[in-house]
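Commentary on secondary and tertiary structure
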Amino acid sequence: METGFWPKMRRVATRIPFAVDALAVWRCARDPATPRTAKAMMLAALAYFVLPTDALPDILAAVGFTDDAAVFAALLAVIGKHLKPEHRAAAEADLKRLRGED
């Protein structure tokens, strides 16, 4: 099985309600204009999402991604001001493509 952000997103994009947030954070973290401290927090949250070991295993139906959602909610509360409309627009386009809606 492939590992990393995009392989995991391809597997779970249709099952997680915070997919657009995760994709927007990915886009923002790769933006050269995003401050390094914000990028570090974003990359830590993305790593937690991707790593196979986390507080609640993702294979548990209904609750497996709850901890990941909480991490992204906390992250957005702290660094959300760095997410630009173009990050969110690109994330929405990415999600449509992952869901086969393009």
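This section reports on the structure supplied with the text.

Basis of the calculations
Residues numbered from 1 in each chain as written. Predicted model: local features only at pLDDT ≥ 70, side-chain atom pairs only at ≥ 80, totals over all residues. Heavy atoms only, no water. Buried < 20%, exposed > 50% of the residue type's maximum accessible area, 1.4 Å probe, protein only. Helix = DSSP H or I, 4+ residues; strand = E, 2+ residues; numbered from the N terminus. Contact = heavy atoms within 4.5 Å. Phe/Tyr/Trp six-rings, centres within 6.5 Å; stacked < 30°, edge-to-face > 60°. Lys NZ or Arg CZ within 6 Å of the ring centre and 35° of its normal. Salt bridge = Lys/Arg side-chain N within 4 Å of Asp/Glu carboxyl O.

This next bit is on helix α1 (residues 5-12). Taken together, the buried positions of α1 are occupied by Phe5, Pro7, Lys8, Met9 and Val12. Each element contacted by the buried residues of α1 is listed here: α2 (19-29), α3 (36-50) and α5 (85-98).

Moving on to the packing of aromatic side chains. Evaluation of the coordinates by the stated rule reveals 7 aromatic pairs. On the numbers, 5.9 Å between centres and 80 degrees between planes, the contact of Phe18 with Phe49 is edge-to-face. Within this pair, whereas Phe18 is found in the loop between α1 and α2, its partner Phe49 is found in helix α3, the two being separated by 31 residues in sequence. There is no split in this pair, since Phe18 and Phe49 are both buried. One aromatic cluster in this structure is built from Phe5, Trp6, Phe18, Trp26, Phe49 and Phe72. A cation over an aromatic ring shows up here: Lys8 above the ring of Phe49, its NZ or CZ 4.8 Å from the ring centre.

Evaluation of the coordinates by the stated rule reveals 4 salt bridges. A salt bridge links Lys84 to Asp31; the shortest N-O distance between them is 3.4 Å. Of this pair, Lys84 sits in the loop between α4 (66-79) and α5 while Asp31 sits in the loop between α2 and α3, and the two are 53 residues apart along the sequence. Residue Asp31 is classed as buried on the basis of its relative accessible area of 15%. Residues joined in a network through salt bridges with shared partners are Arg27, Asp94 and Arg97.

Worth remembering: the numbers are spatial, not functional.
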